[in-house]
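Results of the structural survey
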Amino acid sequence: MIELFGTLGPACADREIIAEMLKQGMHGMRLNLSHGSLENSGKMLEEYRAAQEMCGITAELLIDMQGPELRVNKPSEPLEMKRGDRIMLSCSDRGIIIPECLMHVLETGDAVLIDDGVIELAVLSVQQECAEAEVVRGGILKDRKSIKAVNKDVYGPVFTETDYENIRNAGRYGVTAVMQPFVRNGEDLKEVRRILTDNGCGNLRIFAKIESREGMRNLESIIPEADMIVIARGDLGNDMPLWDLPAAQKYIGEKCLQADVPFLVVTQMLASMVSSPVPTRAEVSDIFRAVTEGASALMVTNETAAGKYPAEVIRYLHQTAESAEAWMQGSFSVLQDQPAIF
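Some thoughts on the sheet that holds strand β8 (residues 119-126)
If you walk across this open sheet you meet the 6 strands as β6-β5-β9-β8-β7-β11, and the pairing is mixed. A single partner strand is all that each edge strand has here, and the edge strands are β6 (96-97) and β11 (147-149). Here strand β5 (residues 86-90) runs beside β6; their pairing, made up of 2 bridges, is parallel. Considered in β6, the bridge of S90 is made with I97.

Shown next as C-alpha coordinates:
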(Lines give C-alpha, C1' and ligand atoms only; values in the text may rest on other atoms or scores of the structure.)
Protein backbone atom coordinates (compact mmCIF):
# COMPACT_ATOMS: atom_id res chain seq x y z
CA MET A 1 0.00 0.00 0.00
CA ILE A 2 1.29 3.45 -0.96
CA GLU A 3 1.73 5.92 1.92
CA LEU A 4 0.12 9.27 1.12
CA PHE A 5 1.15 12.46 2.88
CA GLY A 6 -0.32 15.96 2.87
CA THR A 7 1.22 19.11 4.30
CA LEU A 8 -0.22 21.08 7.20
CA GLY A 9 -0.85 24.75 6.57
CA PRO A 10 -3.42 27.52 6.81
CA ALA A 11 -5.67 26.00 4.11
CA CYS A 12 -6.24 22.80 6.07
CA ALA A 13 -5.73 23.92 9.68
CA ASP A 14 -9.22 22.77 10.64
CA ARG A 15 -10.20 19.43 12.17
CA GLU A 16 -13.15 18.96 9.82
CA ILE A 17 -11.01 19.46 6.71
CA ILE A 18 -8.22 17.22 8.02
CA ALA A 19 -10.76 14.53 8.98
CA GLU A 20 -12.06 14.55 5.40
CA MET A 21 -8.47 14.26 4.11
CA LEU A 22 -7.92 11.23 6.35
CA LYS A 23 -11.16 9.67 5.11
CA GLN A 24 -9.99 10.19 1.53
CA GLY A 25 -6.92 8.03 2.18
CA MET A 26 -4.24 10.25 3.70
CA HIS A 27 -1.82 8.46 6.03
CA GLY A 28 0.01 11.40 7.54
CA MET A 29 0.99 15.04 7.35
CA ARG A 30 4.22 16.93 6.84
CA LEU A 31 4.87 20.02 8.92
CA ASN A 32 7.34 22.41 7.31
CA LEU A 33 9.54 23.83 10.06
CA SER A 34 11.85 25.83 7.81
CA HIS A 35 10.09 28.99 9.02
CA GLY A 36 9.09 28.08 12.58
CA SER A 37 8.89 25.59 15.41
CA LEU A 38 6.65 22.86 16.77
CA GLU A 39 5.66 25.14 19.61
CA ASN A 40 4.56 27.87 17.22
CA SER A 41 2.50 25.32 15.30
CA GLY A 42 0.66 24.15 18.41
CA LYS A 43 -2.81 25.22 17.28
CA MET A 44 -2.56 23.41 13.93
CA LEU A 45 -1.29 20.29 15.68
CA GLU A 46 -4.22 20.38 18.09
CA GLU A 47 -6.57 20.37 15.10
CA TYR A 48 -4.61 17.49 13.58
CA ARG A 49 -4.93 15.41 16.75
CA ALA A 50 -8.64 16.23 17.04
CA ALA A 51 -9.23 15.13 13.45
CA GLN A 52 -7.55 11.79 14.11
CA GLU A 53 -9.77 11.26 17.15
CA MET A 54 -12.87 12.11 15.10
CA CYS A 55 -11.93 9.47 12.51
CA GLY A 56 -10.50 6.87 14.88
CA ILE A 57 -7.28 6.97 12.85
CA THR A 58 -3.70 7.29 14.05
CA ALA A 59 -1.77 9.25 11.45
CA GLU A 60 1.91 10.05 10.93
CA LEU A 61 3.49 13.44 11.67
CA LEU A 62 6.63 14.25 9.66
CA ILE A 63 8.64 17.33 10.56
CA ASP A 64 10.66 18.89 7.74
CA MET A 65 13.78 20.32 9.38
CA GLN A 66 15.65 23.52 8.51
CA GLY A 67 18.88 21.56 8.11
CA PRO A 68 21.77 22.77 5.92
CA GLU A 69 19.68 24.61 3.31
CA LEU A 70 20.68 28.26 2.95
CA ARG A 71 17.98 30.91 3.30
CA VAL A 72 17.41 34.61 2.83
CA ASN A 73 17.14 36.40 6.18
CA LYS A 74 15.44 39.56 4.93
CA PRO A 75 13.22 41.33 3.92
CA SER A 76 10.85 41.40 6.89
CA GLU A 77 8.07 42.40 4.45
CA PRO A 78 7.44 40.80 1.05
CA LEU A 79 9.46 42.50 -1.67
CA GLU A 80 8.41 42.58 -5.31
CA MET A 81 11.38 41.96 -7.59
CA LYS A 82 10.97 42.75 -11.28
CA ARG A 83 13.09 41.71 -14.24
CA GLY A 84 15.95 44.18 -14.69
CA ASP A 85 15.92 45.44 -11.08
CA ARG A 86 19.32 45.87 -9.45
CA ILE A 87 19.56 44.14 -6.05
CA MET A 88 22.23 44.32 -3.36
CA LEU A 89 23.16 41.06 -1.61
CA SER A 90 25.14 41.16 1.62
CA CYS A 91 25.86 39.26 4.82
CA SER A 92 25.62 42.39 6.98
CA ASP A 93 22.79 44.92 6.90
CA ARG A 94 22.68 46.09 3.27
CA GLY A 95 19.99 45.03 0.83
CA ILE A 96 19.00 41.37 0.95
CA ILE A 97 20.77 39.50 3.73
CA ILE A 98 22.26 36.15 2.68
CA PRO A 99 24.37 33.61 4.64
CA GLU A 100 28.02 34.55 5.04
CA CYS A 101 29.24 31.21 3.64
CA LEU A 102 27.37 31.92 0.38
CA MET A 103 28.57 35.52 0.17
CA HIS A 104 32.19 34.36 0.30
CA VAL A 105 31.89 32.09 -2.76
CA LEU A 106 29.90 34.38 -5.06
CA GLU A 107 31.60 35.44 -8.27
CA THR A 108 30.68 37.75 -11.12
CA GLY A 109 28.47 35.87 -13.56
CA ASP A 110 27.00 33.46 -11.00
CA ALA A 111 23.31 32.57 -11.25
CA VAL A 112 21.50 32.74 -7.91
CA LEU A 113 18.16 30.98 -7.40
CA ILE A 114 15.72 32.02 -4.65
CA ASP A 115 12.55 30.24 -3.45
CA ASP A 116 13.17 26.96 -5.30
CA GLY A 117 14.08 28.85 -8.46
CA VAL A 118 10.99 31.07 -8.60
CA ILE A 119 13.37 34.07 -8.60
CA GLU A 120 16.66 34.13 -10.52
CA LEU A 121 19.43 36.68 -10.14
CA ALA A 122 22.62 37.25 -12.15
CA VAL A 123 25.61 38.48 -10.14
CA LEU A 124 27.07 41.61 -11.75
CA SER A 125 29.89 42.44 -9.35
CA VAL A 126 31.29 41.25 -6.03
CA GLN A 127 32.97 43.20 -3.26
CA GLN A 128 34.21 41.95 0.11
CA GLU A 129 30.92 42.05 2.02
CA CYS A 130 28.33 42.54 -0.72
CA ALA A 131 27.41 41.80 -4.31
CA GLU A 132 25.26 43.56 -6.89
CA ALA A 133 22.87 41.39 -8.88
CA GLU A 134 20.28 41.87 -11.60
CA VAL A 135 16.87 40.21 -11.52
CA VAL A 136 16.59 37.79 -14.44
CA ARG A 137 13.31 36.20 -13.35
CA GLY A 138 11.17 38.18 -10.94
CA GLY A 139 8.74 37.33 -8.18
CA ILE A 140 7.72 38.17 -4.63
CA LEU A 141 10.58 37.67 -2.19
CA LYS A 142 9.64 36.69 1.36
CA ASP A 143 11.74 36.11 4.46
CA ARG A 144 13.42 32.72 5.00
CA LYS A 145 13.10 31.57 1.39
CA SER A 146 15.76 29.21 0.05
CA ILE A 147 18.76 30.61 -1.82
CA LYS A 148 21.34 28.78 -3.92
CA ALA A 149 24.18 29.72 -6.24
CA VAL A 150 24.12 27.41 -9.26
CA ASN A 151 27.05 24.94 -9.33
CA LYS A 152 28.22 26.02 -5.85
CA ASP A 153 27.89 23.29 -3.19
CA VAL A 154 27.57 25.48 -0.11
CA TYR A 155 25.52 24.43 2.92
CA GLY A 156 25.03 25.21 6.59
CA PRO A 157 25.27 22.76 9.55
CA VAL A 158 23.24 19.53 9.55
CA PHE A 159 21.01 20.89 12.36
CA THR A 160 20.21 24.48 13.29
CA GLU A 161 19.46 25.61 16.86
CA THR A 162 15.76 25.59 15.97
CA ASP A 163 16.12 22.00 14.72
CA TYR A 164 17.58 20.96 18.09
CA GLU A 165 14.68 22.64 19.88
CA ASN A 166 12.15 20.85 17.67
CA ILE A 167 13.77 17.48 18.30
CA ARG A 168 13.64 18.05 22.06
CA ASN A 169 9.90 18.70 21.71
CA ALA A 170 9.19 15.92 19.20
CA GLY A 171 7.81 13.39 21.68
CA ARG A 172 5.41 15.90 23.21
CA TYR A 173 3.85 16.69 19.84
CA GLY A 174 3.57 13.14 18.50
CA VAL A 175 6.24 13.37 15.80
CA THR A 176 6.85 10.05 14.03
CA ALA A 177 9.49 10.96 11.44
CA VAL A 178 12.12 13.56 10.56
CA MET A 179 12.65 14.83 7.02
CA GLN A 180 16.29 15.86 6.66
CA PRO A 181 16.94 18.35 3.84
CA PHE A 182 19.90 18.38 1.46
CA VAL A 183 21.45 15.11 2.57
CA ARG A 184 24.92 15.03 1.01
CA ASN A 185 26.31 11.70 2.21
CA GLY A 186 25.82 8.90 4.71
CA GLU A 187 27.76 10.78 7.39
CA ASP A 188 25.04 13.46 7.43
CA LEU A 189 22.45 10.83 8.33
CA LYS A 190 24.68 9.18 10.92
CA GLU A 191 24.92 12.54 12.64
CA VAL A 192 21.15 13.01 12.46
CA ARG A 193 20.63 9.53 13.94
CA ARG A 194 23.08 10.29 16.75
CA ILE A 195 21.32 13.56 17.58
CA LEU A 196 17.93 11.84 17.61
CA THR A 197 19.21 9.07 19.89
CA ASP A 198 20.90 11.54 22.25
CA ASN A 199 17.59 13.38 22.59
CA GLY A 200 15.44 10.31 23.23
CA CYS A 201 14.07 10.18 19.67
CA GLY A 202 15.95 7.21 18.28
CA ASN A 203 12.66 5.58 17.27
CA LEU A 204 11.80 8.27 14.70
CA ARG A 205 12.02 7.36 11.04
CA ILE A 206 14.52 9.38 8.99
CA PHE A 207 13.38 10.57 5.56
CA ALA A 208 16.49 11.60 3.60
CA LYS A 209 15.78 14.32 1.04
CA ILE A 210 17.91 14.08 -2.11
CA GLU A 211 18.04 17.65 -3.42
CA SER A 212 21.38 17.92 -5.21
CA ARG A 213 23.66 16.08 -7.58
CA GLU A 214 26.08 15.70 -4.67
CA GLY A 215 23.43 13.67 -2.85
CA MET A 216 22.85 11.62 -5.99
CA ARG A 217 26.56 10.89 -6.35
CA ASN A 218 26.66 9.62 -2.76
CA LEU A 219 23.45 7.58 -2.82
CA GLU A 220 25.26 4.33 -2.01
CA SER A 221 26.38 5.75 1.35
CA ILE A 222 23.03 7.48 2.04
CA ILE A 223 20.58 4.67 1.30
CA PRO A 224 21.70 2.27 4.09
CA GLU A 225 21.31 5.04 6.71
CA ALA A 226 17.78 6.12 5.69
CA ASP A 227 14.34 4.71 6.46
CA MET A 228 12.94 6.48 3.38
CA ILE A 229 14.63 8.26 0.49
CA VAL A 230 12.82 11.39 -0.65
CA ILE A 231 13.10 12.43 -4.30
CA ALA A 232 12.60 16.14 -3.60
CA ARG A 233 12.12 17.45 -7.12
CA GLY A 234 11.99 21.15 -6.21
CA ASP A 235 15.59 21.83 -5.25
CA LEU A 236 16.83 18.82 -7.19
CA GLY A 237 15.42 20.45 -10.31
CA ASN A 238 17.38 23.60 -9.47
CA ASP A 239 20.65 21.68 -9.50
CA MET A 240 20.43 20.43 -13.08
CA PRO A 241 18.77 21.26 -16.39
CA LEU A 242 15.07 20.75 -15.77
CA TRP A 243 14.74 18.32 -18.66
CA ASP A 244 17.17 15.99 -16.87
CA LEU A 245 15.02 15.82 -13.73
CA PRO A 246 12.86 12.86 -14.89
CA ALA A 247 16.02 10.83 -15.52
CA ALA A 248 17.31 11.79 -12.06
CA GLN A 249 14.04 10.61 -10.51
CA LYS A 250 14.30 7.33 -12.40
CA TYR A 251 17.94 6.87 -11.36
CA ILE A 252 17.28 7.45 -7.64
CA GLY A 253 14.22 5.22 -7.69
CA GLU A 254 16.10 2.35 -9.32
CA LYS A 255 18.96 2.63 -6.81
CA CYS A 256 16.43 2.41 -3.96
CA LEU A 257 14.68 -0.60 -5.48
CA GLN A 258 18.02 -2.39 -5.89
CA ALA A 259 18.77 -1.80 -2.20
CA ASP A 260 15.21 -2.63 -1.10
CA VAL A 261 14.82 0.78 0.58
CA PRO A 262 11.52 2.66 0.10
CA PHE A 263 11.36 6.00 -1.66
CA LEU A 264 8.93 8.92 -1.71
CA VAL A 265 8.23 11.32 -4.59
CA VAL A 266 7.29 14.93 -3.87
CA THR A 267 6.92 18.39 -5.46
CA GLN A 268 4.18 19.69 -7.76
CA MET A 269 2.37 16.37 -8.00
CA LEU A 270 -0.96 18.21 -8.16
CA ALA A 271 0.25 21.82 -8.35
CA SER A 272 -2.68 23.03 -10.46
CA MET A 273 -5.04 22.08 -7.63
CA VAL A 274 -3.78 24.97 -5.53
CA SER A 275 -6.45 26.89 -7.45
CA SER A 276 -8.35 24.27 -9.48
CA PRO A 277 -10.72 21.54 -8.20
CA VAL A 278 -9.54 19.18 -10.96
CA PRO A 279 -5.90 18.27 -11.79
CA THR A 280 -4.30 18.26 -15.21
CA ARG A 281 -3.91 15.06 -17.20
CA ALA A 282 -0.15 15.43 -16.91
CA GLU A 283 -0.35 15.51 -13.10
CA VAL A 284 -2.32 12.29 -12.73
CA SER A 285 0.02 10.67 -15.25
CA ASP A 286 2.96 11.80 -13.09
CA ILE A 287 1.42 10.16 -10.01
CA PHE A 288 0.63 6.96 -11.93
CA ARG A 289 4.20 6.80 -13.23
CA ALA A 290 5.71 7.29 -9.77
CA VAL A 291 3.70 4.39 -8.37
CA THR A 292 4.37 2.03 -11.27
CA GLU A 293 8.09 2.82 -11.01
CA GLY A 294 8.12 1.57 -7.43
CA ALA A 295 7.48 4.57 -5.13
CA SER A 296 6.40 3.54 -1.63
CA ALA A 297 5.06 6.99 -0.77
CA LEU A 298 3.80 10.20 -2.35
CA MET A 299 3.53 13.67 -0.85
CA VAL A 300 1.81 16.93 -1.70
CA THR A 301 2.92 20.28 -0.25
CA ASN A 302 1.36 23.62 -1.20
CA GLU A 303 -1.62 21.76 -2.66
CA THR A 304 -2.96 21.12 0.85
CA ALA A 305 -1.06 23.73 2.87
CA ALA A 306 -2.17 26.72 0.83
CA GLY A 307 -4.58 25.44 -1.82
CA LYS A 308 -8.34 25.85 -2.11
CA TYR A 309 -9.21 22.12 -2.29
CA PRO A 310 -7.07 20.13 0.19
CA ALA A 311 -9.50 17.21 0.57
CA GLU A 312 -9.98 16.94 -3.19
CA VAL A 313 -6.20 16.87 -3.61
CA ILE A 314 -5.98 13.81 -1.39
CA ARG A 315 -8.90 12.18 -3.20
CA TYR A 316 -7.16 12.49 -6.58
CA LEU A 317 -3.83 11.41 -5.11
CA HIS A 318 -5.41 8.32 -3.52
CA GLN A 319 -7.58 7.34 -6.48
CA THR A 320 -4.74 7.70 -8.98
CA ALA A 321 -2.38 5.68 -6.77
CA GLU A 322 -5.06 2.99 -6.43
CA SER A 323 -5.50 2.91 -10.20
CA ALA A 324 -1.75 2.44 -10.65
CA GLU A 325 -1.65 -0.37 -8.09
CA ALA A 326 -4.59 -2.09 -9.79
CA TRP A 327 -2.77 -1.85 -13.11
CA MET A 328 0.35 -3.40 -11.59
CA GLN A 329 -1.70 -6.26 -10.15
CA GLY A 330 -3.36 -6.92 -13.51
CA SER A 331 -6.83 -6.16 -12.16
CA PHE A 332 -7.53 -2.98 -14.14
CA SER A 333 -8.24 -2.48 -17.81
CA VAL A 334 -8.70 0.84 -19.57
CA LEU A 335 -11.01 -1.04 -21.97
CA GLN A 336 -13.67 -1.46 -19.28
CA ASP A 337 -16.67 0.84 -19.54
CA GLN A 338 -16.61 3.21 -16.57
CA PRO A 339 -18.34 6.54 -16.03
CA ALA A 340 -16.22 9.67 -16.06
CA ILE A 341 -15.90 11.02 -12.52
CA PHE A 342 -14.45 14.40 -11.60
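Points about the packing of helix α1 (residues 15-23) against helix α12 (residues 310-328)
Two packed helices can be described by the angle between their axes and the distance between those axes. Orientation of α1 relative to α12, taken along the N-to-C sense of each, is 5°, at an axis distance of 8 Å. One way to sum up the angle between α1 and α12 is to call them roughly parallel. Every residue of α12 that contacts α1 at I17, E20 and M21 is listed here: P310, A311 and I314. Each residue belonging to the contact of α1 with α12 can be placed in one class, and the counts come to 5 nonpolar, no polar and 1 charged.

Describing the pairing of strand β2 (residues 28-32)
The buried fraction of β2 is high, at 4 of 5 residues. Bridge analysis of strand β1 (residues 3-7) against β2 gives 3 bridges, and the strand direction is parallel. When the sheet's bridge partners are listed, T7 is paired in β2 with R30. For the crossover that starts at β1, traverses α1 and ends in the parallel β2, the hand is right-handed. As paired elements, β2 and strand β3 (residues 60-64) share 5 bridges and run parallel to each other. Note on β3: the bridge partner recorded for G28 is E60. Note on the crossover from β2 through helix α2 (residues 42-55) to β3: the handedness is right-handed.

A short note on the nonpolar core
In this structure, L31, I63, I229, I252 and L298 are the most contacted members of the largest nonpolar core, which totals 70 residues. No other element matches α12, which puts 7 residues into this core. When neighbours within four sequence positions are excluded, I229 is seen to be in contact with A208, I210, I222, I223, I252, C256, V261, P262, F263 and L264. Of all hydrophobic cores here, the second largest spans 23 residues; its members include L70, M81, I87 and A133.

With respect to helix α10 (residues 281-292)
The terminal C-alpha atoms of α10 lie 17 Å apart, and with 12 residues this matches the ideal 16 Å at 1.5 Å per residue to within 8%. Phi for G294, located one or two positions after α10, is positive at around 105°.

Some details on the pattern of salt bridges
Applying the stated rule across the entire model yields 21 salt bridges. Put simply, D188 and R184 hold a salt bridge, and the shortest N to O gap is 3.0 Å. Looking at D188, the relative accessible area reads 8%, which means it is buried. The salt bridge partner of D198 is R194, with a shortest N-O separation of 3.2 Å. Of this pair, D198 and R194 both sit in helix α5 (residues 186-198), 4 residues apart, which is roughly one turn of that helix. A relative accessible area of 43% means that R194 is categorised as partly exposed. Each of K250, E254, R289 and E293 takes part in a single network of salt bridges with overlapping partners.

Thresholds applied
Residues numbered from 1 in each chain as written. Predicted model: local features only at pLDDT ≥ 70, side-chain atom pairs only at ≥ 80, totals over all residues. Heavy atoms only, no water. Pairing = 2+ DSSP bridges. Helix = DSSP H or I, 4+ residues; strand = E, 2+ residues; numbered from the N terminus. Axes fitted to C-alpha atoms, helices over the stretch in contact; angles between N-to-C directions. Parallel < 35°, antiparallel > 145°, perpendicular 65-115°, else oblique. Contact = heavy atoms within 4.5 Å. Nonpolar A, V, L, I, M, F, W, Y, C, P; charged D, E, K, R; others polar. Buried < 20%, exposed > 50% of the residue type's maximum accessible area, 1.4 Å probe, protein only. Right-handed = clockwise from strand over helix to strand, strands pointing away. Core = buried A, V, L, I, M, F, W, Y, C linked by side-chain atoms within 4.5 Å. Expected span 1.5 Å × (residues − 1). Salt bridge = Lys/Arg side-chain N within 4 Å of Asp/Glu carboxyl O.

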